[in-house]
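# Overview (structure and organization)
For reference, the chains in residue letters:
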Amino acid sequence: MAHFEKSNGIVDWLDQRLAIKKFMQVMMTQYWIPKKINFLWAMGVILLTMFAILFITGLLLVMYYKPDVALAFDSVNKTIMQEVEYGWLWRHMHGVAASVVFLVMYIHLLTGIYYGSYKKGREIIWISGMVLFVLFSAEAFSGYMLPWGQMSYWAAMVITNLFGGIPFIGPELVEWIRGDYAVGDATLNRFFMLHVCLLPIVVIAFVAIHFYALRFPHVNNEIAEEIDFDLEAEKYLAGKKKEAKVISFWPDFLCKDIFYVCLFMIFYFYLVCFHYDFAMDPINFEPANALKTPPHIYPEWYFLWSYEILRGFSYEVGLACFGIAQVIFFVLPFLDRSNVVAPAHKRGAFFVWFWLLVIDMIVLTIYGKLPPVGINNTIATIASVTFLALLIVVLPVITLMERKAK
Amino acid sequence: MASRRSFMGFTLGAAAAVGGVFTLVGMKKTWDPLPSVKAAGFTTVDLSPLADGELRTVEWRKKPIFILKKSSDMEQSNTDIIAGDARYTVVIGLCTHLGCIPAYHSADKEFVCACHGGKFNVSGKNMSGPPPKPLEIPPFSIDGTKLVLGEVGKEYEEIMKNVGKA
Ligand code: FES
């Protein structure tokens, strides 16, 4: 066994056993952040805060929630909302956080695209981030089912039905996933398991991977400057803090991040207190009914764009395009063939491409909510084709040209 | 020495693979529908009280089943179920697009799915909109004027043969 000395205090005692001082250096005081970054880089910490809120409010809710088709609706809408003290608050905080977390995630994602933060050296950060996005989507969907209202039920029906489109094994697969001939008690319970146990564990694991992936390439910066972090860190440690292009994560950087978190919290609690209903579909306040479909089914706002791609085409094609849309962002580092790491406004055609993509996704989102009749269908198809073309065709071409020009 | 090590490695790999396969089979079965769910999969419906042109919806395996007694002015189809001297359309009332429940509009004599505007005719055939195929016919058998859903009878097999040909 290694040699242990009599410690001169609790910190030292822990340090001898857990190397906490070294750990703090690596995680906080000697984790280097470039100085030239703007508020968009605060989204990561905001997301982490949101996740913490979701986790804690979720724990409080799960103490009263009952995953049983006969009890679920009342356990949410009666017990938690009316009987449990502050139950309403936890529920609204949970619901609103689940919704805004996607808003922040989209900003985070688009920031990454805008500044080229997915490129050479940072691919794993990007991919682990996309995995997190998919996990959050699964988490959001499985959670949406739990109150067992009409929209919960029919969303579950439609989403599980999607697997029926897989050739050969489709119909059996759907029955297997549901554990019943239609969405039922078995389905509710397995989604409950996913929502409160399996997915959170995997999310936490990927958050860790996502952070760890930042260690070597470090975060990008506003001008996509390549920084020699060792050199700059040396300057910083030598006391030339002004000269150094980097600062330490703690205490220097985090205070700025915390400031943005505070601003965001004002927005968040404004929603929780005055507009909690924006994350709650009125149809979901009707108990699930297997024999009556709501007249118009649509997902929460953050899924509308991909839902619209599904609807934009005939059944099989729509399903295939929907599948592609789910995974296309994963391969972004490989679709972008240019080595230039620079913010979009320094890349001409790429800049135009970026904003076209954003506009197209907004159009898809708006039309995803509208009923699919008449002109809406035409717009859906055009916008969906545009989306796929932008990513699969236009982006590689633009970036190839960029490469040639260099 | 090296070969002994590689033998150990091989044995370990093989044992892990066999164990893994058994585990996966076990997990798959855990997710399968329970026996009680499967056993409750039969429903009997008496067809005699239905009037011409009347639609009745019954529940079978948690799915709505449309039973439409065809009146003489309605299209005849080789998927019709004949019981006594009447023809019926018996279909699972879930749109073949994404599984919404279409509503029957008796004036237009069609099933309309509000979700994405799919339309089916009185025989359950998809006429327009995104649904890729006709409404599905549940397995059934006929016993006089009684319809037993969930049991494969010879009338069902006959219809499925027609569908295969069509
Ligand atoms: S579910 Fe019926 S048309 Fe889409």
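On a predicted model such as this, the values are computed, not experimentally measured, just so you know.

## Re the overall build of chain A
- If you tally the helices and strands in chain A, you get 16 helices and 2 strands.
- Expected size for 406 residues packed as a compact globule is a radius of gyration near 22 Å; at 24 Å, chain A falls within 12% of this value.
- Structurally, chain A occupies a C-alpha span of about 70 × 65 × 45 Å along its principal axes.
- Taking all 406 residues of chain A together, 50% fall into the buried category.
- Taking as baseline every contact in chain A between residues at least 6 positions apart, the subset at least 24 positions apart corresponds to 76%.

## With respect to the nonpolar core
- Counting residues in each nonpolar core, the largest one holds 154 residues, and the members touching the most others are A:Tyr268, A:Phe329 and A:Phe387.
- Every residue in contact with A:Phe329, bar those within four places of it in the chain, is listed here: A:Ile113, A:Trp126, A:Met130, A:Trp305, A:Leu357, A:Met361, A:Phe387 and A:Leu391.

## Let's talk about the sheet that holds strand E11 (residues 146–149) of chain B
Residues and elements named next belong to chain B.
- Spatial strand order, E1-E11-E10: 3 strands in an open sheet with antiparallel pairing. Of all strands in the sheet, those bounded by a partner on one side alone are strand E1 (43–46) and strand E10 (140–143). Direction aside, neighbouring strands of the sheet carry axes that sit 20° apart on average.
- Relative to E11, E10 is paired through 4 bridges, and the arrangement is antiparallel. Bridge pairing links Ser-141 to Val-148 in E11.

## Examining the sheet that holds strand E9 (residues 126–128) of chain B
Residue and element names in this part refer to chain B.
- Strand order in the open sheet formed by 4 strands is E6-E7-E8-E9, and the pairing between neighbours is antiparallel. Among the strands making up the open sheet, the edge pair consists of strand E6 (103–105) and E9. Along the sheet, successive strands turn relative to each other by an average axial angle of 35°, direction set aside.
- When strand E7 (residues 110–113) meets strand E8 (residues 118–121), the two strands line up antiparallel, connected through 4 bridges. Note on E8: the bridge partner recorded for Phe-111 is Phe-120.

## Let's talk about the interface of chain B and chain A
- Contacts between the two partners involve 25 residues from chain B and, on the opposite side, 27 residues from chain A.
- Carbon and sulfur atoms make up 67% of the surface buried where chain B meets chain A, a total of about 2,300 Å² over both sides.
- Interface area lost by chain B to chain A is led by B:Trp31, B:Lys62 and B:Leu98, which between them contribute 31%.
- One can count 5 residue pairs in polar contact (both at pLDDT 80 or more) joining chain B with chain A.
- Looking at the side of chain B that touches chain A, the elements with two or more residues in it are helix H1 (2–31), helix H2 (35–39) and strand E3 (63–69) of chain B.
- Element by element, the count of residues in the side of chain B that touches chain A is highest for H1(B), at 3 residues.

## Here we look at the side chain of A:Arg190
- With respect to the helices and strands, A:Arg190 occurs in helix H9 (residues 185–212).
- For the buried residue A:Arg190, which engages in no salt bridge, the nearest side chain bearing the opposite charge is B:Asp32, 7.3 Å off.
- The residues touching A:Arg190, leaving out its near neighbours within four places in the chain, are A:Trp176, A:Ile177, A:Arg178, A:Gly179, B:Thr30 and B:Trp31.

## Looking at the pattern of salt bridges
- Summed over the entire model, instances satisfying the criterion amount to 16 salt bridges over all chains.
- In this structure, the salt-bridge partner of A:Glu308 is A:Arg311, at a minimum N-O distance of 2.8 Å. One end of the pair is A:Glu308 and the other is A:Arg311, both in helix H12 (residues 304–311) and 3 residues apart, which spans about a single turn.
- Owing to a relative accessible area of 12%, A:Arg311 belongs among the buried residues under this scheme.
- A salt bridge links B:Lys109 to B:Asp73; the nearest nitrogen and oxygen atoms lie 3.6 Å apart. You can see B:Lys109 sitting in the loop between E6 and E7 and its partner B:Asp73 sitting in the loop between E3 and strand E4 (81–83), a full 36 residues away along the chain.
- Classification of B:Lys109 as partly exposed rests on a relative accessible area of 29%.
- Within the structure, one salt-bridge network assembled from shared partners comprises A:Lys119, A:Asp336, A:Arg347 and A:Glu402.

## Examining a nonpolar patch on the surface
Residue and element names in this part refer to chain A.
- Taken together, the side chains of Ile-324, Ile-392, Val-393, Val-394, Val-397 and Met-401 define a hydrophobic patch exposed on the protein surface, amounting to about 470 Å² of accessible area.
- Ranked by the residues each element gives to the nonpolar patch, the list is headed by helix H16 (residues 375–405), at 5 residues.
- When you line up the elements, Ile-324 lands in helix H13 (residues 315–327).

## What about the side chain of A:Asn376?
All names here are of chain A.
- By secondary structure assignment, the location of Asn-376 is in helix H16.
- Of the residues examined, Asn-376 reaches a relative accessible area of 13% and is grouped as buried.
- Residues within four places of Asn-376 in sequence aside, it is in contact with Glu-308, Tyr-367, Leu-370 and Pro-371.

## Details of the packing of aromatic side chains
Residues and elements named next belong to chain A.
- Applying the stated criterion across every chain, the model contains 38 aromatic pairs over all chains.
- Note on Tyr-31 and Phe-249: the rings are 5.4 Å apart at their centroids and 50° apart in plane angle, and the pair reads as tilted. Residue Tyr-31 is located in the loop between helix H2 (20–29) and strand E1 (32–34), and its partner Phe-249 is located in helix H11 (residues 249–274); the two are separated by 218 residues in the primary sequence.
- For Tyr-31, a relative accessible area of 8% translates into the label buried.

## Considerations on the packing of helix H3 (residues 43–62) of chain A against helix H5 (residues 87–114) of chain A
Residue and element names in this part refer to chain A.
- Between H3 and H5, whose axes approach to 9 Å, the crossing angle comes to 155°. Considering the angle they form, H3 stands roughly antiparallel to H5. The element H3 and its partner H5 pack so that their crossing is left-handed.

## Describing H3(A)
- Here H3(A) is 20 residues long and its end C-alpha atoms lie 28 Å apart, about the 28 Å a rise of 1.5 Å per residue gives.
- Those residues of H3(A) that are buried lie in contact with helix H4 (72–83), H5, helix H6 (123–145), H9 and H11 of chain A.

What counts as what
- Along each chain, numbering runs from 1 in the same order as the chain's sequence is written.
- Chains and ligands are labelled by the order in which they are written, letters from A for the one and numbers from 1 for the other.
- Thresholds applied to this predicted model are a pLDDT of at least 70 for local features of residues and 80 or more for the giving and counting of side-chain atom pairs; totals over whole chains, interfaces and linings are not thresholded and use all residues.
- Excluding hydrogens and water, the side-chain values take into account all heavy atoms of the structure.
- Only runs of H or I of at least four residues qualify as helices and only runs of E of at least two qualify as strands under DSSP, and these elements are numbered from the N terminus.
- Only the C-alpha atoms count toward the radius of gyration. The rule for a globule is 2.2 Å times the residue count to the power 0.38.
- Think of it in three bands: with a 1.4 Å probe and only protein chains considered, a residue is buried below 20% of the maximum accessible area for its type, exposed above 50%, and partly exposed in between.
- The contact definition used throughout considers only heavy atoms, calling two residues in contact when any of these lie within 4.5 Å.
- Put simply, a nonpolar core is a bunch of buried Ala, Val, Leu, Ile, Met, Phe, Trp, Tyr and Cys residues held in one set by side-chain atoms that sit within 4.5 Å of each other.
- Any two strands with at least two DSSP-identified bridges between them are counted as paired.
- To get an axis, a line is fitted to the C-alpha atoms, and for a helix only the part in contact is used. The angle between two axes follows their N-to-C directions and goes from 0 to 180 degrees.
- When two parts are put together, the accessible area they lose, computed with a 1.4 Å probe and summed over both, is reported as buried area.
- Side-chain atoms alone can form a polar contact between residues adjacent in sequence; in general such a contact is a pair of N or O atoms within 3.5 Å, and within protein one must be able to donate a hydrogen while the other accepts it.
- Positive: Lys, Arg. Negative: Asp, Glu. His and the chain ends are not part of the count.
- Here a salt bridge means any side-chain nitrogen of Lys or Arg lying within 4 Å of a carboxyl oxygen belonging to Asp or Glu.
- The patch calculation keeps residues exceeding 30% relative accessible area without a salt bridge and links them within 9 Å when they carry like charges or within 5 Å when they are nonpolar (Val, Leu, Ile, Met, Phe, Trp, Tyr).
- The Shrake-Rupley method, run with a 1.4 Å probe, gives the accessible areas here. Residue values count only the displayed protein chains as cover.
- In this analysis, rings of Phe, Tyr and Trp, with Trp reduced to its six-membered ring, are considered paired at centre separations within 6.5 Å, and the interplanar angle assigns stacked below 30 degrees, edge-to-face beyond 60, and tilted for intermediate values.
- Should an angle fall under 35 degrees it is called roughly parallel, over 145 degrees roughly antiparallel, and 65 to 115 degrees roughly perpendicular, with every other angle called oblique.
- Left-handed describes a crossing whose near helix is turned anticlockwise from the far helix by less than a right angle; the clockwise case is right-handed.
- Between the first and last residue of a helix there are one fewer steps than residues, each counted as 1.5 Å, and that sum is the expected span.

So far we have only geometry, and geometry alone does not tell us how the molecule works.
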